Amino acid sequence: MDNYVFINKGLNDSLLLYLQYKDDDKSLQYNSFWSCIIRMLSLIYDEETIINAYYNKDTKLFNSTLLQYGLPVEELTKFKDNLARCYAFEHGQKDRVIKKKNRYFNFVQKGLIDMLVYKNNQQVVDVDIKKEFYDLLFTANSNDFYRKSYALKLAYNPYEIDDYFKRQGFLVLG
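Right, let's walk through the structure included here. Source: prediction; values computed, not measured.

**Details of the overall build of the chain**
At step 1: Scanning the chain from N- to C-terminus turns up nine helices and zero strands.
At step 2: Rg of the C-alpha trace for the chain: 15 Å, near the compact-globule value of 16 Å for 174 residues, within the 12% margin.
At step 3: Expressed along its principal axes, the backbone C-alpha trace of the chain runs to roughly 40 × 40 × 35 Å.
At step 4: For the chain, the residues scored as buried account for 48% of the 174 residues in total.
At step 5: Of the contacts formed within the chain by residues at least 6 apart in sequence, a portion of 64% connects residues at least 24 apart.

What follows is the structure in structure tokens.
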């Protein structure tokens, strides 16, 4: 694509990364935080609609998709802003030897969890989808070493997201 940025740089680059590596599910890029954002959105909403909105540069379709289960417009705006800030912060310190914690890291994940809650309030989300979603979260309690390490590196409180997810009443087995 040209120099067009879909919604913001964080979302745009997350979509690009996801699309580039979605057929290589063992790759670090596919399992990166940025790609996992799209993977979680795809569990909540229709993946094809999200991807088509990106390819067609249709921000209205993207926004209406994320609002379809009752997410308030303010919450969508906050999610997109937090995603942009999280991305900018991380890429702003890419070349630094000593990295700082990213205060937007958990905000992005909370926004995704909230979207799952809104969907679950409209239609019960299958327990397997909830489990898959939970497994994509970056938390100190993750079973995935990479996700656990990344959470410990970036989050001020690497247990916060795990606690937040469980407080929503989602039962996570094993």
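**Some details on the nonpolar core**
At step 1: Phe33, Ile37, Leu41, Phe105, Leu112, Met115 and Phe133 are the most contacted members of the largest nonpolar core, which totals 51 residues.
At step 2: The dominant element in this core, judged by the number of residues it contributes, is helix 2 (residues 33–44), at nine residues.

**Here's the deal with the environment of Asn56**
At step 1: Tracing the backbone shows Asn56 in the loop between helix 3 (47–55) and helix 4 (59–67).
At step 2: According to the relative accessible area criterion, Asn56 is exposed, its value standing at 56%.
At step 3: Linking Asn56 and Lys119, residues 63 residues apart in sequence, is a C-alpha distance of 25 Å.

**Examining the state of the cysteines**
At step 1: Inspection of every chain in the model, using the stated rule, returns zero disulfides.
At step 2: The cysteine Cys36 is free of any disulfide, with Cys86 supplying the nearest cysteine sulfur at 13 Å.
At step 3: Given the relative accessible area of 0%, Cys86 is considered buried.

**Some thoughts on the side chain of Asn82**
At step 1: Residue placement: Asn82 occurs in helix 5 (residues 73–92).
At step 2: Judged by relative accessible area, Asn82 falls into the buried class, the value being 9%.
At step 3: Not counting residues within four places of it along the chain, the set of residues in contact with Asn82 comprises Tyr104, Phe107 and Val108.

**As for the pattern of salt bridges**
At step 1: Enumeration over the complete set of coordinates arrives at six salt bridges.
At step 2: In this structure, Arg147 and Asp144 form a salt bridge, with 3.5 Å as the shortest nitrogen-oxygen distance.
At step 3: Look at Asp144 and you get partly exposed, because its relative accessible area is 28%.
At step 4: The salt bridge involving Lys166 is made with Asp162; its shortest N-O contact spans 3.0 Å. Taken together, the residues Lys166 and Asp162, both in helix 9 (residues 160–167) and four residues apart, mark about one turn of the helix.
At step 5: For Lys166, a relative accessible area of 43% puts it in the partly exposed group.
At step 6: Under the relative-accessibility criterion, Asp162 is labelled buried at 2%.

**Re the packing of aromatic side chains**
At step 1: One pass over the full model with this rule turns up 18 aromatic pairs.
At step 2: Relative to Trp34, the ring of Phe33 has its centre 5.0 Å away and its plane inclined at 75°; by these criteria the two rings are edge-to-face. Each member of the pair, Phe33 as well as Trp34, carries the same accessibility label: buried.
At step 3: Centroid distance Phe105 to Phe138: 6.4 Å. Interplanar angle 80°. Geometry classified as edge-to-face. Taken together, the residues span a long stretch of sequence, with Phe105 in helix 6 (residues 105–122) and Phe138 in the loop between helix 7 (127–136) and helix 8 (145–154) at a distance of 33 residues.

Cut-offs and rules
- Residues numbered from 1 in each chain as written.
- Predicted model: local features only at pLDDT ≥ 70, side-chain atom pairs only at ≥ 80, totals over all residues.
- Heavy atoms only, no water.
- Helix = DSSP H or I, 4+ residues; strand = E, 2+ residues; numbered from the N terminus.
- Rg over C-alpha atoms; globule rule 2.2 N^0.38 Å.
- Buried < 20%, exposed > 50% of the residue type's maximum accessible area, 1.4 Å probe, protein only.
- Contact = heavy atoms within 4.5 Å.
- Core = buried A, V, L, I, M, F, W, Y, C linked by side-chain atoms within 4.5 Å.
- Disulfide = S-S within 2.5 Å.
- Salt bridge = Lys/Arg side-chain N within 4 Å of Asp/Glu carboxyl O.
- Phe/Tyr/Trp six-rings, centres within 6.5 Å; stacked < 30°, edge-to-face > 60°.

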